[in-house]
Amino acid sequence: MSDSISQTNTTTNGNGMEKDEADLARMGYKQELKRELGLLQVCSVSFSIISVITGIPSLFLYGLTTGGPAVMVWGWVVVSCATMLVGLAMAVVSSAHPTSGGPYFWAAMLSKPKNAPIASWITGWFNLLGQVAVTTGISFACANFLSTVCTLKTNVVPTPNTTIGIYAAVLFTQGLTNTFGVHILHYLNNVSVWWHAIGTFSLVVAILAKAPTHQSAHFVFQKFIDGTGASGSEGWGSRASNAYVVVIGTLMAQYTLTGFDASAHMTEETHNAAMSGSIGIVMAIGVSAILGWFLILGLLFSIQDLDKVLSTETGEPVTQIFLDTVGENGAIVLMVIVVGAMYFCGTFSITSNSRMMYAFARDGGIPGHKFFSKVSPQWKSPIRTVWLACTLSFILGLPSLGSSVAFSAATSIATIGLYISYGIPIALRVYYREDFVRGPFHLGKFSYPIAIAAVCWILFISIAFILPQINPVDSQTLNYSIVAVAIVILYSFGFWIVSARKWFTGPVKQIAAEEMGIDVMDPTMADKYEKNA
């Protein structure tokens, strides 16, 4: 069951940059993106996209009504541990294949050559769905919180239409940053990681210090709430069981702890990519897990009036907690911290999203791939996929105009899409374990059981988060994540059978190199590949 030993420690041209480019060349690709990110930057990209100060506040109401404090606190612990298993399994694969294609590329490389195209195709489309949905969730939350900030000390009353307008403006400015500001993205990374860390810590300290009273430990660690019934209807706890509520209540934690594959998508722009990308994944999950639990506990202990928080006129329970603890002026300051973090998070989500789309288009995986597989020679950025990501994310946010659960559905879509795309290559790595050639980052004898545990967890959440969240189910409360996932399944498999199987070859250059007998884990073979290609 042991993995084949890596040969990536072989030196090439005596220089880290040349080694990274050789690693990319032996996978069949040219160095087109600017490679200037280090370990801190690539870690902070994933840390900023995970963004506990984005995911937790944006789904705090969902958490309070779907299991309450007990599920929020202990669900976070369980989900964090399970996510770390997924992250470790992914880091092992990323180290072996450090390219911006991420999961979709790994799926091809971990399959037998004859199955590589369909594995790559299915994984790519699920990853694209998840990437678009997670950008939707992040930037739409930013728009919602901006709308809420506008109500403080004013008479402004936000409407769904104005929120959509703000959402469009947020995506537009984030798109501009990724278009013309690519050279400063690594500086923004550094700002973002400190903004998230210091901002979260300061926020929690402020509300705990200024709160007139604090909730009891019993409330925070044991209080169970089933508010899953709509308009006075019974909740799922009564209709089904409390266990059902616990399961769907973990969405807040699992949605927050997504997007860590960003480190993998940035490896073509990273020094020492085979190690930096993997370490970035694991570090981002670990730090986010600790910081997120700290934030959840701080918010729950600082609740003054639970009923007031649940029915707040601001529409955001976190805002009401701020108002009750630090007053209106203080609440504005804390909301600026939250909105700033959400904006950074959305910006880097588009960065990761556009790199994945660029890599997929480069191999012919999306409609219009010849158009979208271009990198701007001036800005060294895949500008066309930047705006494709923004456009698709805006479209996915439109159902919020007519659905009361649209936001939580979008977060479900993001979670399911991303984790299925994580799970396919991990499962392939388990199935073809004898053929796997590990990179410099590996887990030794623990690699196999950790990968199995990761796949089992992904199967569990993929079913859990398409389940109905509100009882009864109607047009307003339908969890339409099942619709979005079904569309991707039908399109990816249907189009594959009808057409794509005839022309889509996946990362064809990489597979051709394998067929020529070239050791894909040996960077010194890049020149041999070029001669035989």
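Keep in mind that this is a model prediction, so the values were computed, not measured.

Cut-offs and rules
- Residues numbered from 1 in each chain as written.
- Predicted model: local features only at pLDDT ≥ 70, side-chain atom pairs only at ≥ 80, totals over all residues.
- Heavy atoms only, no water.
- Axes fitted to C-alpha atoms, helices over the stretch in contact; angles between N-to-C directions.
- Helix = DSSP H or I, 4+ residues; strand = E, 2+ residues; numbered from the N terminus.
- Parallel < 35°, antiparallel > 145°, perpendicular 65-115°, else oblique.
- Left-handed = near helix turned anticlockwise from the far one by under 90°.
- Nonpolar A, V, L, I, M, F, W, Y, C, P; charged D, E, K, R; others polar.
- pLDDT = per-residue confidence, 0-100.
- Contact = heavy atoms within 4.5 Å.
- 1 Å grid on protein atoms, 1.4 Å probe; cavity = no way out; pocket = protein on both sides within 12 Å on 5 of 7 lines; lining within 4 Å.
- Points joined across faces, edges and corners; volume = space filled by probe spheres on them.
- Buried < 20%, exposed > 50% of the residue type's maximum accessible area, 1.4 Å probe, protein only.
- Patch = residues over 30% accessible without salt bridge, like charges linked within 9 Å, V, L, I, M, F, W, Y side chains within 5 Å.
- Areas by Shrake-Rupley, 256 points an atom, 1.4 Å probe, with all protein chains shown as cover.
- Salt bridge = Lys/Arg side-chain N within 4 Å of Asp/Glu carboxyl O.
- Disulfide = S-S within 2.5 Å.

A.B. asks: Sorry if this is basic, but what is going on with the packing of helix α7 (residues 116-149) against helix α17 (residues 317-362) here?
C.D. replies: When two helices pack together, you describe them by how their axes are tilted relative to each other and by the distance separating the axes. Their axes nearest at 8 Å, the elements α7 and α17 cross at an angle of 155°. In terms of orientation, α7 lies roughly antiparallel with respect to α17. Two packed elements cross with a definite hand, and for α7 against α17 that hand is left-handed. Residue composition of the contact of α7 with α17, grouped by class: 21 nonpolar, 12 polar and no charged.

A.B. asks: Is there a simple way to explain the confidence of the model for the protein chain in this structure?
C.D. replies: Mean pLDDT for the protein chain: 85, with 85% of residues reaching 70 or above. Highest mean pLDDT in the protein chain belongs to helix α10 (residues 217-222) (97); lowest belongs to helix α24 (residues 526-532) (43). The low-confidence segment residues 7-14 (pLDDT under 50) makes 19 contacts with residues lying over four places distant or belonging to another chain. Considering only residues more than four positions removed or in separate chains, one finds that residues 518-531, a stretch of pLDDT under 50, has 37 contacts.

A.B. asks: What is the right way to read the environment of tryptophan 121 from this model?
C.D. replies: Structurally, tryptophan 121 is set in helix α7. Put simply, tryptophan 121 and arginine 501 are 380 residues apart on the chain and 9.3 Å apart in space, counted from C-alpha to C-alpha. With near-sequence residues (within four places) excluded, tryptophan 121 lies in contact with Phe360, Gly365, Tyr491, Ser492, Phe495, Trp496, Ala500, Trp503 and Phe504.

A.B. asks: What is the right way to read the layout of surface pockets from this model?
C.D. replies: Empty space within the second largest pocket amounts to approximately 490 Å³. Around the second largest pocket, the lining comprises 18 residues; the ones closest to its centre are Trp125, Leu128, Leu129, Leu392 and Val488. Put simply, the parts of the chain that give the lining of the second largest pocket at least two residues each are α7, α19 (383-397) and α22 (481-503). Residues belonging to the lining of the second largest pocket are distributed by class as follows: 18 nonpolar, no polar and no charged.

A.B. asks: Is there a simple way to explain unusual backbone geometry in this structure?
C.D. replies: Most peptide bonds take the trans configuration, and most residues that are not glycine carry a negative phi. Between asparagine 471 and the following residue, proline 472, the backbone shows a cis peptide bond with an omega angle of -5°. Here proline 472 lies in the loop between α21 (447-464) and α22. Unusually for a residue other than glycine, serine 51 sits at a positive phi of about 40°. Mapped onto the elements, serine 51 comes out in the loop between α2 (39-50) and α3 (52-58). Using a relative accessible area of 0% as the deciding quantity, one classes serine 51 as buried. Even without a glycine there, the phi angle at lysine 153 is positive, about 60°.

A.B. asks: Teacher, can you tell me more about a nonpolar patch on the surface here?
C.D. replies: Together, Val473, Leu478, Ile482, Val483 and Ile487 line one region of the surface with nonpolar side chains, adding up to about 400 Å² of accessible area. Looking at the secondary structure, you find valine 483 in helix α22. On the basis of relative accessibility, which here comes to 39%, the residue valine 483 falls in the partly exposed class.

A.B. asks: Please explain the state of the cysteines as it appears in this structure.
C.D. replies: What is meant by a disulfide is a covalent connection between two cysteines, made through their sulfur atoms. One pass over the full model with this rule turns up zero disulfides. For cysteine 142, which is in no disulfide, the shortest distance to another cysteine sulfur is to cysteine 345 and amounts to 9.3 Å.

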